[in-house]
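Results of the structural survey
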Amino acid sequence: MSSENSSADDEQRVWDVVVVGAGPAGASAAYAAAVAGRSVLLLEKAELPRYKTCGGGIIGPSRDALPPGFELPLQDRVHAVTFSLDGKFTRTRRSKQMLFGLINRPEFDQQLVEHAQKAGAELRTGVTVSRVEQHGSAVPDRRTVAVVLQGGEAVLARAVVGADGSASRIGAHVGVKLDQVDLGLEAEIPVPETVAEDWQGRVLIDWGPMPGSYGWVFPKGNTLTVGVISARGEGAATKRYLEDFIARLGLAGFEPSISSGHLTRCRADDSPLSRGRVLVCGDAAGLLEPWTREGISFALRSGRLAGEWAVRIAEAHDAVDTRRQALNYAFAIKAGLGVEMAVGKSMLAAFERRPGMLHAAITSFRPAWRAFAGITRGSTTLGELVRSHPMAGRALSALDRRSAVAAPTVAESTPTTE
């Protein structure tokens, strides 16, 4: 247990906000509530820093959601993307501007927590939350929530934010419903300097052999993060895809330092985001982009909103006001992230049926590449593209039609700079 852990003297303290989970969503929520001047306790079951299965790509919306003064611990800056269609029809697109950055999650998450602490949040590590109680003997009044820890200790709060990941206990309490579950497998592969130099500043995205699947290579110094993702239920095929992908890249001879797996879970449209004085955000709420399964920007943005509305809920004196603030939080999430998720679902449906058409568009059609670059840089989002550009909406509708359309052949070509 870290030195920040509270003592028995604090057992009966009522915190304004208790945040469960110290990943990007939880740290962002804790920071937002702490800078508002409220007492905040951040609970984390692991000791920090800790490894998380994650590609570690930091796109524009993620950078925009970081606390003021936050310096990204970038391992590389991406200016080029190589696309392939199950290992074929390879093409590299380049940008004079940085597309996105690459980080290692242990350092990134640790820095986010430190910013929350500097803002006034207190951290307690090595504790596991068993359940949340909003009624019963552990709850002294209707304005209080009890977060019950393994071992029986009850931590009291005026508001609780659940940011405890995709297998969230707080999400189960709220009643989060899932619409899409995917399996991601990843290997951290140390490579010689000569190999690392070949990947510097460039990532690979491979549209995979199973519907909706894809693989990636993200360079981070002398380590390559290599991973694949596909729908849950295709475990054996997903494992084969990763093995074949690594072999095809000429990396099979290097021993991974870490091999891991993770389930990503995407919420159903009618899934709740709150229950009483308890809010959920990030993976605990099933908030991520359904097509790419990008979750860091969704965690940072939803975490900030959850922290801000947790402050309002902590101040609420009755159930009516509590419900009003919780509904406002849900509206804020759905108006922004919900729109992006809806477009992402359409993109995934189109991609599952005709990955070749998407590959051809993004590698050969300049507006499609510019849209991809704009999204990664943060100058636009999927939702804004469809809303603001009729051509993008029509293109998505065309991709989404169920009529069989043969994907055009994409020949290998030389890199292109935009």
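In the block above lies the structure referred to throughout.
One structure accompanies this document, and this report is about it. (Residues numbered from 1 in each chain as written. Predicted model: local features only at pLDDT ≥ 70, side-chain atom pairs only at ≥ 80, totals over all residues. Heavy atoms only, no water.)

**Re the overall build of the chain**
The helix and strand inventory of the chain stands at 12 helices and 19 strands. Here the chain has a C-alpha radius of gyration of 22 Å; the compact-globule value for 418 residues is 22 Å, and the two agree. Across its three principal directions, the C-alpha atoms of the chain cover 70 × 45 × 40 Å. Taken across its 418 residues, the chain has 54% of its residues classed as buried. A separation threshold of at least 6 residues defines the contact pool for the chain, and within that pool the share at least 24 residues apart is 76%. Split by element, the accessible area of the chain, about 17,800 Å² in all, is 50% carbon and sulfur. Looking at the chain, you have 48 positive and 46 negative side-chain charges, and the mean spots of the two groups are 7 Å apart. (Helix = DSSP H or I, 4+ residues; strand = E, 2+ residues; numbered from the N terminus. Rg over C-alpha atoms; globule rule 2.2 N^0.38 Å. Buried < 20%, exposed > 50% of the residue type's maximum accessible area, 1.4 Å probe, protein only. Contact = heavy atoms within 4.5 Å. Areas by Shrake-Rupley, 256 points an atom, 1.4 Å probe, with all protein chains shown as cover. Lys, Arg positive; Asp, Glu negative; His and termini not counted. Charge placed at Lys NZ, Arg CZ, Asp CG, Glu CD.)

**A few points about the side chain of Lys220**
With respect to the helices and strands, Lys220 occurs in strand 14 (residues 214-220). There is no salt bridge for the buried Lys220, and the closest opposite charge comes from Glu188, which lies 4.7 Å off by N-O distance. A polar side-chain atom of Lys220 sits 3.1 Å from the main-chain carbonyl oxygen of Ile103. A distance of 3.2 Å separates the side chain of Lys220 from the side chain of Thr225, its partner in a polar contact. (Salt bridge = Lys/Arg side-chain N within 4 Å of Asp/Glu carboxyl O. Polar contact = N/O pair within 3.5 Å; in protein donor to acceptor, adjacent residues only side chain to side chain.)

**Observations concerning the pattern of salt bridges**
Enumeration according to the criterion identifies 18 salt bridges in this entry. Residue Arg50 is joined to Asp109 by a salt bridge in which the shortest nitrogen-to-oxygen separation is 2.7 Å. With Arg50 in the loop between strand 2 (40-44) and strand 3 (57-58) and Asp109 in helix 3 (residues 105-118), this pair connects stretches of sequence that are 59 residues apart. Here Arg50 falls in the buried class, since its relative accessible area comes to 11%. Asp109 sits in the buried class, given a relative accessible area of 1%. Its salt-bridge partner being Arg248, residue Asp86 comes within 3.8 Å of it at the nearest N-O pair.

**Here's the deal with helix 9 (residues 355-364)**
Inspection of helix 9 places Gly356, Leu358, His359, Ala360, Ile362 and Thr363 among the buried residues, and these make up the whole buried set. Contact partners of the buried residues in helix 9: strand 5 (80-85), strand 6 (88-94), strand 13 (202-207), helix 8 (319-353) and helix 10 (366-377).

**As for the pairing of strand 6**
Pairing analysis gives five bridges linking strand 5 to strand 6, with the strands arranged antiparallel. Along strand 6, the bridge assignment pairs Leu85 with Lys88. The turn joining strand 5 and strand 6, which pair antiparallel and follow one another in sequence, is formed by two residues; a positive phi near 50 degrees is taken by Asp86. (Pairing = 2+ DSSP bridges.)

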